[in-house]
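Below, each chain spelled out in residue letters.
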Amino acid sequence: MNPMTLYPTLALVALLAMGGFYKYGYSNGWDDRDAEMQIEIARKNEEARAKEQEMAKAVADKETELRKANNVINKKQMDLNSAIRAGRVRFPAASCPQAPTSAPVAAGDSDQARSQPDPAPDADTGPSESERQTLELIAQIAADGDRAINQLNACIDAYDNMRNIINAQR
């Protein structure tokens, strides 16, 4: 065998062997990296699931707290409405009632007008129906405002809890 043909053949075999080793190492390196990435992804997923469960529990706790606060408001509103219907809640009366400057003229038969006795000025006649309705509407508006305030405060608290849970992760 001629040494001139042997050296190029050996160089070619050496070059192919080095290329094969490089390809093998490159391939194994990527496979190892992929396996490490899969382990890291699984670890991050577990952390995310734990944070998600913690956040869901915090929201559920706030929702329960809001429901309890709304139940208290509903009970207070029902108590207030029953007090209004019973006549225990009234608009404050003026301390010095003003008499009209001219008394209205009675319409119709004057005998009929005289047959109905006037209530005594100190007699408690109870609240009128329009006064009851007005008081009930005012109570409804106040209860709606209380519910809205509770809902907003629960939303703010839930947001703060979520922010703290997420920032604690970093």
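Rules used throughout
Residues numbered from 1 in each chain as written. Predicted model: local features only at pLDDT ≥ 70, side-chain atom pairs only at ≥ 80, totals over all residues. Heavy atoms only, no water. Helix = DSSP H or I, 4+ residues; strand = E, 2+ residues; numbered from the N terminus. Buried < 20%, exposed > 50% of the residue type's maximum accessible area, 1.4 Å probe, protein only. Salt bridge = Lys/Arg side-chain N within 4 Å of Asp/Glu carboxyl O. Contact = heavy atoms within 4.5 Å. pLDDT = per-residue confidence, 0-100.

A. A look at the overall build of the protein. Helix and strand counts for the protein stand at three helices and zero strands. Overall, the protein shows an N-to-C arrangement of helices and strands of α-α-α. For the protein, buried positions account for 11% of its 170 residues.

B. Representation of the pattern of salt bridges in the model. Under the definition given, this model contains 14 salt bridges. Measuring nitrogen to oxygen at the nearest pair gives 3.1 Å for the salt bridge that ties K75 to D79. Residue K75 and its partner D79 are located together in helix α1 (residues 3-86), separated by four residues, close to a single helical turn. Under the relative-accessibility criterion, K75 is labelled partly exposed at 47%.

C. Inspection of the environment of R90 at higher detail. Here R90 shows up in the loop between α1 and α2 (110-115). Look at R90 and you get partly exposed, because its relative accessible area is 36%. Distance in space between the C-alpha atoms of R90 and S128 is 9.6 Å, their sequence separation being 38 residues.

D. Expanded view of the side chain of N81. Locating N81 in the fold gives a position in helix α1. N81 gets classed as buried once you look at its relative accessible area, which sits at 14%. Setting aside anything within four residues of it in sequence, one finds N81 in contact with E136 and A139.

E. Region of interest: the environment of A83. In this structure, A83 sits in helix α1. For the pair A83 and E136, spaced 53 residues apart in the sequence, the C-alpha separation amounts to 9.9 Å. Look past the residues within four positions of A83 in its chain and what remains in contact with it is R88 and V89.

F. Spatial organisation of the confidence of the model for the protein. Averaged over all residues, the pLDDT of the protein equals 82, while 78% of them reach at least 70. Ranking the helices and strands of the protein by mean pLDDT puts helix α3 (residues 129-169) first, with 92, and α2 last, with 51.

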